[in-house]
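Letter by letter, the chains look like this.
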Amino acid sequence: MFGPVAHAQQEAVQIQLQDLNGTGATGTATLTPAAGGALTVSIKASGMTPNSPHAQHIHGSASGHDFMCPTKSADADGDGFVNTEEGLPAYGDIFVSLTTQGDTTKASGLAVDRMPMANAQGVLTYERTIEASALPAGTIEHLKDLHVVQHGIDVNGNGTYDMEALGESTFAKSLGVNGIPEEATNPATCGMVSGAAPGSVPVGGVETGSGPSADTGRQALLLSGGLVLLGAAGMALVRRRTSRQ
């Protein structure tokens, strides 16, 4: 009977979102335990691709593995950008999808019709309280082990996701979905809980491959529908931009 009260009394944690792929995007995410074991997530980021949807998630683990934001060394193909496949081993599988409504599981990881959009100035604001029943077990207790990743970058500065900058998304192609710009799926920001690491590695140590790598096949099936929507949204933005010209 005292569980919800204990959850509500836990302190909020703050995450500084840092640019991951040279876009200059930054922001702040706050994870606040709420009554009944719920979690309120507040995000404000700037420098995002204007008038565009941005898939965003809480990543990490509540089972004793230590994930973190990737460094530039994660760029295995040497194209100058950390793409989704290269980032997953570092930041882990989707823990919570930060949609604006409805489902928040990893099945909604790229449901861009329910992801927040940046405004015309590239500012993205988000706030949602996710009920305890919709959170993975151990979320509140392991807040310090979690982090936030936002996706969607505009490399060539034309205000939308297109094929001209980085070509087609290799992540989308791996799921069997063609015609998605790499800009749309590449991570834009990543942030870890301030002061959570190093020095506080969860019991169980550093993840060595049993998480995101092993789960990629299952995640691919769940995300393919969202990628189709992402492609439609991206193409719609291109058409709107073209019509204005």
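So, a few notes on the structure that sits alongside this text. (Residues numbered from 1 in each chain as written. Predicted model: local features only at pLDDT ≥ 70, side-chain atom pairs only at ≥ 80, totals over all residues. Heavy atoms only, no water.)

### What about the overall build of the protein?
Right, on to step 1. A count of helices and strands for the protein gives 6 helices and 8 strands.
Right, on to step 2. Secondary structure elements of the protein, listed N to C terminal, follow the sequence α-β-β-β-β-α-β-β-β-α-α-α-β-α.
Right, on to step 3. Here the contacts in the protein between residues at least 6 apart in sequence split such that 71% fall between residues at least 24 apart.
Right, on to step 4. Accessible area of the protein: about 10,600 Å², with a carbon and sulfur share of 56%. (Helix = DSSP H or I, 4+ residues; strand = E, 2+ residues; numbered from the N terminus. Contact = heavy atoms within 4.5 Å. Areas by Shrake-Rupley, 256 points an atom, 1.4 Å probe, with all protein chains shown as cover.)

### As for the sheet that holds strand β7 (residues 146–151)
Right, on to step 1. The strand order across the open sheet built from 8 strands is β5-β4-β7-β8-β1-β2-β3-β6, with neighbouring strands paired in antiparallel fashion. Edge positions in the open sheet fall to β5 (94–97) and β6 (124–130), since each of these has one partner strand only. When strand polarity is set aside, the average angle formed by the axes of neighbouring strands in this sheet is 20°. (Pairing = 2+ DSSP bridges. Axes fitted to C-alpha atoms, helices over the stretch in contact; angles between N-to-C directions.)

### Details of the pairing of strand β3 (residues 39–46)
Right, on to step 1. Sheet analysis places strand β2 (residues 26–33) next to β3, joined by 8 bridges and oriented antiparallel. Looking at β3, one finds that Thr 30 is bridged to Ser 42.
Right, on to step 2. The hairpin formed by β2 and β3 contains 5 residues between the paired strands, and Gly 36 there has a positive phi angle of roughly 75°.
Right, on to step 3. For β3 and β6, the ladder comprises 7 bridges, and the chain directions are antiparallel. When the bridges of β6 are listed, Lys 44 appears paired with Thr 125.

### Overview of the state of the cysteines
Right, on to step 1. Scanning the model with the defined rule gives 1 disulfide in all.
Right, on to step 2. One disulfide in the model links Cys 69 with Cys 190; its S-S distance is 2.0 Å. Across the disulfide from Cys 69 to Cys 190, rotation about the S-S bond amounts to roughly -85°, and the bridge is consequently left-handed. Taken together, the positions of Cys 69 in the loop between β4 (56–60) and α2 (84–91) and Cys 190 in strand β8 (residues 187–192) put the pair 121 residues apart, joining distant regions of the chain.
Right, on to step 3. Its relative accessible area of 18% is what places Cys 69 among the buried residues.
Right, on to step 4. With a relative accessible area of 4%, Cys 190 lands in the buried category. (Disulfide = S-S within 2.5 Å. Buried < 20%, exposed > 50% of the residue type's maximum accessible area, 1.4 Å probe, protein only.)

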